[in-house]
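Topology and contacts: notes
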Amino acid sequence: MKNSTIKPIKSLGQNFLNDMNIVRHIVESADLTQEDMVIEVGPGMGAMTGELATYAGLVLAVEIDERLQPVLSVLETIHGNIKVVYDDILKVNIRNLIEEQFAANPQLQRVKIISNLPYYITTPIIMAFLEGDVPYLHSMTFMVQKEVGQRMTATPGGKEYGALSVSVGFFAEGKMLFTVPPHCFNPQPNVDSCVVRLLIRENPPYELENKEYFFKIIKASFCQRRKMLVNSLTNAGYLGITREDVREALASINRNELVRGEVLSPEEFATIANFLLHKSSLRV
Ligand code: SAM
């Protein structure tokens, strides 16, 4: 089957990279060695897959669209270290796939996830990897919509700073690497894109008494970002706290009750989450 006979499916986020300079730039920034197992989400027509296989010990690519099999199987034959699995990345058992490959290839030391992501499920994929306790995970290098990349790497005070910035920052150190214009893809997306690198933290950046409660606080804090924090948190019934509890929590970090969530640092959120956990009527 010729590449030209494969019509991109918009609903699968199929915007294929057609600029080899960008491909090389992404692969270089991942700093690959023979000790690395790369997981590529959505290899598509393999624009990056061969280049990844040149530097990594092994490339495990997970592609949902089986129409791409004739194209990708050629790459598997050329490079002995590419393995393609046809499945949905959100359903596949990634832990098993990694453990199998590490058992069979003793030179492997680290997992690096590298992908030009399908934009319709960018955040679920990233959060599934971050929260999923992926074994040997070292870093993730992703092409994403520029706006999402800005939100992932934002710092307090700006309009991009929100729940995604705090959540990603808890698990990884994020860095915006470079932007990519629409004409580097076929078909062209309607938005600018960017490449971000997330370096997985070895230790949490701050102490949390209860991770789940912290993420509930984050969710409530940014749910209505124009509201004062004292209102957002008191109105979130699932936190089990009163207005007075929130006032006390804010006082403990020297913030007054007019403050909005968008100016608090992740460390300040951690302090108030630990404080409010002890006040919560829902605490077991
Ligand atoms: N890596 C290729 C490139 O750079 O040209 C293709 C990137 S394209 C933006 C996204 C790819 O992800 C497509 O090949 C699409 O079929 C695949 N995809 C979409 N949803 C997926 C899912 N849930 N699981 C695995 N792959 C998926």
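So, how was this worked out
- Residues numbered from 1 in each chain as written.
- Predicted model: local features only at pLDDT ≥ 70, side-chain atom pairs only at ≥ 80, totals over all residues.
- Heavy atoms only, no water.
- Disulfide = S-S within 2.5 Å.
- Buried < 20%, exposed > 50% of the residue type's maximum accessible area, 1.4 Å probe, protein only.
- Near = heavy atom within 4 Å.
- Polar contact = N/O pair within 3.5 Å; in protein donor to acceptor, adjacent residues only side chain to side chain.
- Areas by Shrake-Rupley, 256 points an atom, 1.4 Å probe, with all protein chains shown as cover.
- Helix = DSSP H or I, 4+ residues; strand = E, 2+ residues; numbered from the N terminus.
- Domains from an automatic or database assignment.
- Contact = heavy atoms within 4.5 Å.
- Buried area = accessible area lost by both parts, 1.4 Å probe.
- Salt bridge = Lys/Arg side-chain N within 4 Å of Asp/Glu carboxyl O.

A separate point is the state of the cysteines. Tallied over the full model, the rule gives 0 disulfides. For Cys184, which is in no disulfide, the shortest distance to another cysteine sulfur is to Cys194 and amounts to 13 Å. According to the relative accessible area criterion, Cys184 is buried, its value standing at 3%.

Around the ligand, a shell composed of 23 residues is seen, among which Leu17, Gly42, Glu63, Asn116 and Tyr120 lie nearest. Note that a nitrogen atom of the ligand is positioned 2.8 Å from one of the backbone N or O atoms of Gly42. Protein coverage of the free-state accessible area of the ligand, which is 590 Å², stands at 99%. The set of elements that each furnish at least two residues to the shell around the ligand consists of β1 (16-17) and β3 (58-63).

Glancing now at the domain arrangement of the chain. Entries for the chain in the domain assignment read domain 1 (3-200) and domain 2 (211-277). Its C-alpha centre places domain 1 at a distance of 34 Å from the equivalent point of domain 2. Taken together, the contact between domain 1 and domain 2 spans 11 residues of the former and 13 residues of the latter. In total, about 880 Å² of surface goes out of reach between domain 1 and domain 2, with carbon and sulfur atoms giving 71% of it. Taken as a group, Tyr161, Val166 and Phe170 account for 49% of the area that domain 1 buries against domain 2, more than any other trio of residues on that side. Remark: the boundary between domain 1 and domain 2 carries 0 salt bridges. Counting across the domain 1 and domain 2 interface gives 2 residue pairs in polar contact (both at pLDDT 80 or more).

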